[in-house]
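Spelled out from the first residue to the last, the chains are:
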Amino acid sequence: MTPHLSLAALADPARRKDLAHILKQAKSVVAITGAGVSAESGISTFRGAGGYWEKFRAEDLASPRGFTKDPELVWRWYNERRIAILNSQPNPGHFALAALEKAFPSFLLVTQNVDGFHGQAGSEKMVEIHGSIWELRCTREGKIWTDRQIFETLPVYCACGALARPNVLWFGEAYNPNLFHQAQQAASRADLILVAGTSGMVWIVAGLLQAHYQHQSQGQVIEINLEASDLTPEVDLLLQGPSGQILPLILALLKNEDQT
Ligand code: OAD
């Protein structure tokens, strides 16, 4: 069974020392994040109690078919999410990840989140593998632009008159091959993977872990989650607790700034 360390267990200096040892050996790191990392900013996750997919059907709101059927409904959901994000801010987990990118010789953050909080917190070595809620794409010309406004009239149109859509990945759509290649290469090279706040239910997470395991027999995969997930049996260690507390602890251990 995969070892679990709760926040309470991490109060033990001997356990912190062991964790610090693993972290300090890493040279090439990939962090994979999901909706749980933004939960402490007040943004809803997708699965589990109170998650979007408990209230709505993914195929209605996050698929090309759903958009063709009812673009206004889809835009209303994205507009509401834009409002929630604009009324919120990155949390200590986002800031810790931005600092972590400078703490290792090689680092890449692969986020499934479209909220933009990682960039807002200062992350630069980053792939937004599911796109960005702040980008729009013309459904006719494919032109992409950034717009952070809350839309008064829905659905949203491009200046050319065609419907605009959020520039995010929907169910049934292919990953951007360049972004996917970059993420896969980094996962194959990484000697440490941190996978935080994701249920791992969307293929990309398992795909990146598979690329890692195929190429790194000595690598370490550390999961950070409130609870065990479908990924837990595959990882080396589960740090169980809120990412907004565990990621800053990881940073502190790495920089010898641990207060205990
Ligand atoms: P999910 O909603 O599937 O999973 C969120 C995970 O975060 C769960 O495992 C929670 O236990 C965990 N979690 C919640 N709060 C946390 C906290 N404070 N600290 C640590 N962990 C916490 O979200 P994702 O895995 O990101 O895709 O979902 C993946 C994709 O499915 C999303 O990008 C979206 C969705 O459908 C598309 O829309 C294409």
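Residues numbered from 1 in each chain as written. Predicted model: local features only at pLDDT ≥ 70, side-chain atom pairs only at ≥ 80, totals over all residues. Heavy atoms only, no water.

Draft legend 1. Summary view of the overall build of the protein. Across its full length, the protein holds 11 helices and 10 strands. Viewed in the frame of its principal axes, the protein has a C-alpha envelope of about 60 × 35 × 30 Å. Residue burial in the protein is summarised as follows: out of 260 residues, 52% are buried. Sequence separation of at least 24 residues holds for 65% of the intrachain contacts in the protein that already meet a minimum separation of 6. Put simply, the protein shows about 12400 Å² of open surface, and 51% of that area lies on carbon and sulfur atoms. If you average the places of the 22 positive and of the 26 negative side-chain charges in the protein, the two averages end up 3 Å apart. (Helix = DSSP H or I, 4+ residues; strand = E, 2+ residues; numbered from the N terminus. Buried < 20%, exposed > 50% of the residue type's maximum accessible area, 1.4 Å probe, protein only. Contact = heavy atoms within 4.5 Å. Areas by Shrake-Rupley, 256 points an atom, 1.4 Å probe, with all protein chains shown as cover. Lys, Arg positive; Asp, Glu negative; His and termini not counted. Charge placed at Lys NZ, Arg CZ, Asp CG, Glu CD.)

Draft legend 2. Spotlight on the pattern of salt bridges. Across all of its chains, the model carries four salt bridges by this definition. With its nearest N and O atoms 3.7 Å apart, the salt bridge here joins E59 to R57. Here E59 falls in the partly exposed class, since its relative accessible area comes to 42%. Exposure remark for R57: the relative accessible area of 48% places this residue in the partly exposed category. One salt bridge connects R57 with D60, and the closest N-O pair in it is separated by 3.0 Å. (Salt bridge = Lys/Arg side-chain N within 4 Å of Asp/Glu carboxyl O.)

Draft legend 3. Highlighting the nonpolar core. Counting 30 residues, the largest nonpolar core has L100, L194, L239 and I250 as the members making the most contacts within it. Breaking this core down by element, the ones donating at least two residues are helix 1 (13–25), strand 2 (28–33), helix 7 (92–103), strand 3 (106–111), strand 8 (192–196), strand 9 (220–225), strand 10 (237–240) and helix 11 (243–254). Examining the composition of this core, we find that seven residues originate from one element, helix 11, more than from any other. Beyond its immediate sequence surroundings of up to four residues, L194 is in contact with V29, V30, A31, I32, L100, I222, I224 and I250. Membership of the second largest hydrophobic core comes to 23 residues, among which are Y52, A58, I85 and L154. (Core = buried A, V, L, I, M, F, W, Y, C linked by side-chain atoms within 4.5 Å.)

Draft legend 4. Broad picture of the sheet that holds strand 6 (residues 144–146). Within the open sheet, the three strands sit side by side as 6-5-7. Their pairing is antiparallel. Among the strands making up the open sheet, the edge pair consists of strand 6 and strand 7 (164–168). Taking each pair of neighbouring strands and ignoring which way they run, the sheet shows an average axis angle of 45°. Where helix 6 (residues 71–86) meets the sheet, its contacts fall on strand 5 (131–138) and strand 7, and the angle it forms with strand 5 comes to roughly 140°. (Pairing = 2+ DSSP bridges. Axes fitted to C-alpha atoms, helices over the stretch in contact; angles between N-to-C directions.)

Draft legend 5. Representation of the packing of aromatic side chains in the model. Evaluation of the coordinates by the stated rule reveals 13 aromatic pairs. With a centroid separation of 6.4 Å and an interplanar angle of 50°, the aromatic rings of Y78 and W170 are classed as tilted. Residue Y78 is found in helix 6, and its partner W170 is found in the loop between strand 7 and helix 9 (177–189); the two are separated by 92 residues along the sequence. When its relative accessible area of 3% is taken as the criterion, Y78 is described as buried. Ring pairs connect the aromatic residues F46, Y52, W53, F67, W77, Y78, W170 and F171, which therefore count as one cluster. Taking the ring centre of W145 as reference, the NZ or CZ of K143 above it sits at 5.2 Å. The ring of W134 has R148 sitting right over it, with the charged end atom 4.4 Å from the ring centre. (Phe/Tyr/Trp six-rings, centres within 6.5 Å; stacked < 30°, edge-to-face > 60°. Lys NZ or Arg CZ within 6 Å of the ring centre and 35° of its normal.)

Draft legend 6. Representation of the environment of S6 within the structure. In this structure, S6 sits in strand 1 (residues 4–6). Assessed through its relative accessible area of 32%, S6 is described here as partly exposed. Separated by 3.0 Å, the side chain of S6 and the backbone nitrogen of A9 make a polar contact. (Polar contact = N/O pair within 3.5 Å; in protein donor to acceptor, adjacent residues only side chain to side chain.)

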